[in-house]
Each structure stands twice: as structure tokens, then as C-alpha cells.
Amino acid sequence: MHLNHQTRQKTKLLMKNLTTRHLNVAGFLACAGMMAYALYAQHVLLLDPCPLCVFQRMAVISLGVIFLAAAVHNPTGRGRLVYAGLVAAAAAAGAGVAGRHVWLQNLPADEVPSCGPGFDYIIDSFPLADALSMIFTGSGECASIDWQFLGLSMPAWVLIAVVITGVFGVWNNLRKPV
């Protein structure tokens, strides 16, 4: 019984000492971990990212940069609100792209758009508005599922991860400072 009380006291002390800065660093590390796995999947598992995967990576990197900036800056007052808004925007963008990707992957085979040109060719050859339209329309390569864990595709896991990380970041930057 005494050990249980000591454990609870240590846990309370630890939580009290976890500042907004510490938790923003944790958010950054979570994003770095997601990107590390994405690069592992690309270079070791040889899973080339489709155009929508590239945009999901950009959202995760943006989210990580915002967490890192918030940790370095360690704002007070309205600055915390700004970082919470930036985290929410980056997470919403990532969730939107990942959600679109999951939707494409779950289309019936006869409704999947045909494969189009690759990401680099689209960006180099078309005006930005047209390129973005082509990318978000998706293609056959975006609809294929090459990797699964617990029955969910990588975009589904990205969707879950950016939503959880985004909610965590908003909560952390809006909570009462410790």
C-alpha cells in the first residue's frame, strides 16, 4: 500500500513538472518519429510515396516545425493561442489530405481514377492551381494499398496520428500553464 502511495506521488510530481515546453518537444518528437517511419518505409521497405503521401508528409513536417517553434519560443498569453491555432491548422490540413487518401483507397475498383503522371512531373509541368487539382483528384497509385497494420492502411494511420497529435497540441498550448 505504501509503494502505491509513493508511485502516485511521483506521478503527480512528474505531471506537475511537465511544462508546456516539454510537451511541445514531445509533439515535435512524435512528428519526427512519424517522418522517420515514413522514410524507413520508403527507403527500406521500398514503398514509394504517392502524391497524396507527399502532402501528408508536408503536413506532418509542418506540424513538427510548429511544435519545435513553440517549444523554443515557449510563449505566454496570446502567443499560446497562436501556436494552438497553427497546430490546429497543420493537423486539419494533414487530416484532410489523409482523409481524402483513405476515401480514394476505399472506392470500388471501377470508380478509382486512372493513374496519372508522378508528383514531380505534375509540379514541374503545370501551374500550381492545376497541379494541386490533379494531385487531390488522386490517381490509381493513390488508391492502391501497399502496407497495412491492424487492418488499416498507412494513410488511415496518418489520419489517426495527426488528429491525436493535433488535439494534443491544441490542448497543451491552451491549457493553464503549470
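Refer to the structure presented above.
So, a few notes on the structure that sits alongside this text. (Residues numbered from 1 in each chain as written. Predicted model: local features only at pLDDT ≥ 70, side-chain atom pairs only at ≥ 80, totals over all residues. Heavy atoms only, no water.)

## Looking at the nonpolar core
Here is step 1 of the chain: Counting 16 residues, the largest nonpolar core has C31, V60, L63, I66, F67, V87 and V162 as the members making the most contacts within it.
Here is step 2 of the chain: Only helix 2 (20-43), helix 3 (51-73), helix 4 (78-105) and helix 8 (154-174) provide two or more residues apiece to this core.
Here is step 3 of the chain: The element that contributes the greatest number of residues to this core is helix 4, accounting for six residues.
Here is step 4 of the chain: With six residues, the next largest nonpolar core counts F55, V97, L104 and L107 among its residues. (Core = buried A, V, L, I, M, F, W, Y, C linked by side-chain atoms within 4.5 Å. Buried < 20%, exposed > 50% of the residue type's maximum accessible area, 1.4 Å probe, protein only. Helix = DSSP H or I, 4+ residues; strand = E, 2+ residues; numbered from the N terminus.)

## Describing the packing of helix 3 against helix 8
In a packed pair of helices, the relevant descriptors are the angle between the two axes and the axis-to-axis distance.
Here is step 1 of the chain: Direction vectors running N to C along helix 3 and helix 8 enclose 20°, while the axes themselves pass 11 Å from each other. Classed by the angle they form, the pair helix 3 and helix 8 counts as roughly parallel. Crossing angle aside, the handedness with which helix 3 passes helix 8 is left-handed. For the pair formed by helix 3 and helix 8, the contact residues are Q56, V60, L63, F67 and A70 on the first element and P155, V158, V162, T165, F168, G169 and N173 on the second. (Axes fitted to C-alpha atoms, helices over the stretch in contact; angles between N-to-C directions. Parallel < 35°, antiparallel > 145°, perpendicular 65-115°, else oblique. Left-handed = near helix turned anticlockwise from the far one by under 90°. Contact = heavy atoms within 4.5 Å.)

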